[in-house]
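Here is what each chain is made of, one letter per residue.
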Amino acid sequence: MGSDEPPPGTHPRHVLAFVAGVVALSTAVWAPAGLLGALVMLVVGVAALMFAWEAGTRPGPLRWAGIAGALLAGLVTVSSGFLFLVALARTFS
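None of these values were measured; they are calculated from a predicted model.

**Q** Explain the overall build of the protein to me, please; I cannot follow it from the model alone.
**A** Check the secondary structure of the protein and you find 3 helices and 0 strands. Secondary structure of the protein in N-to-C order comes out as α-α-α.

**Q** Just checking my understanding: could you explain the pattern of salt bridges for this structure?
**A** Close approach of charged atoms allows side chains of opposite charge to pair. Throughout the structure, instances matching the rule amount to 2 salt bridges. Measuring nitrogen to oxygen at the nearest pair gives 2.6 Å for the salt bridge that ties Glu54 to Arg58. One salt-bridge network, in which partners are shared between bridges, spans Arg13, Glu54 and Arg58.

**Q** I would appreciate a short explanation of the packing of helix α2 (residues 35-56) against helix α3 (residues 63-91) in the present structure.
**A** Packed helices, taken two at a time, are described by the angle between their axes plus the distance between the axes. It is at 7 Å that the axes of α2 and α3 come closest, and there the two elements cross at 155 degrees. Judged by the angle between their axes, α2 and α3 are roughly antiparallel. Pair α2 / α3 crosses with left-handed handedness. Counted by class, the contact of α2 with α3 contains 18 nonpolar, 9 polar and 1 charged residues.

**Q** Looking at this model, I keep getting lost on the environment of Ile67. Mind explaining?
**A** By the secondary structure assignment, Ile67 is in helix α3. When the C-alpha positions of Ile67 and Ala52 are compared, they lie 6.9 Å apart, and in sequence the two are 15 residues distant.

**Q** Can you walk me through the nonpolar core in this structure?
**A** The nonpolar side chains of soluble globular proteins are, as a tendency, buried together. Ala20, Ala24, Ala48, Ala73 and Val76 form the largest nonpolar core, which has 5 residues in total. Looking at this core, the elements with two or more residues in it are α1 (11-30) and α3. Ignoring sequence-local partners within four residues, the contact set of Ala20 consists of Ala48 and Phe51.

Thresholds, definitions, all that
For every chain, the first residue of the written sequence is number 1, and numbering continues from 1 along that sequence. pLDDT decides what is reported in this predicted model: residues at 70 or higher carry local features, side-chain atom pairs at 80 or more are listed and counted, and totals for whole chains, interfaces and linings draw on all residues regardless. The basis for every side-chain value is the complete set of non-hydrogen atoms in the structure, without hydrogens or water. Runs of H or I in DSSP of at least four residues are treated as helices and runs of E of at least two as strands, each being numbered from the N terminus. Each reported salt bridge corresponds to a side-chain nitrogen of Lys or Arg within 4 Å of a carboxyl oxygen of Asp or Glu. The angle between two axes is taken between their N-to-C directions and runs from 0 to 180 degrees, where each axis is a line fitted to C-alpha atoms and a helix contributes only its stretch in contact. Geometric relationships in this document are graded by angle, where less than 35 degrees denotes roughly parallel, more than 145 denotes roughly antiparallel, 65 to 115 denotes roughly perpendicular, and other angles denote oblique. Crossings are classed by handedness, with left-handed meaning an anticlockwise turn of the near helix from the far one by less than a right angle and right-handed meaning a clockwise turn. Amino acid classes used here: Ala, Val, Leu, Ile, Met, Phe, Trp, Tyr, Cys and Pro are nonpolar; Asp, Glu, Lys and Arg are charged; the rest, including Gly, are polar. Take the buried residues of types Ala, Val, Leu, Ile, Met, Phe, Trp, Tyr and Cys, join any two whose side-chain atoms come within 4.5 Å, and each joined set is a nonpolar core. Only protein chains enter the accessibility calculation, which uses a 1.4 Å probe; a residue whose area is less than 20% of its type maximum is buried, one above 50% is exposed, and one in between is partly exposed. The contact definition used throughout considers only heavy atoms, calling two residues in contact when any of these lie within 4.5 Å.

Dropping the structure here:
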């Protein structure tokens, strides 16, 4: 690949990272209540965060979508982690 060639398009990756963040956020609505629901939210949030973080580091005009997806997935990961710890403490107390 020469220096005059444009970089490969990563636009679908950025858009999919944003969609992954929205899906992670939607797990708060459809996940069951309790320990199992918090675990599902945590797993989906971490997976979406890893994908969106990688997509957000790639250059492109839609990079903002990858960063927004990473922010949404990070929010879900942090909140579901706390919910999981609370549900786990209630289970063992």
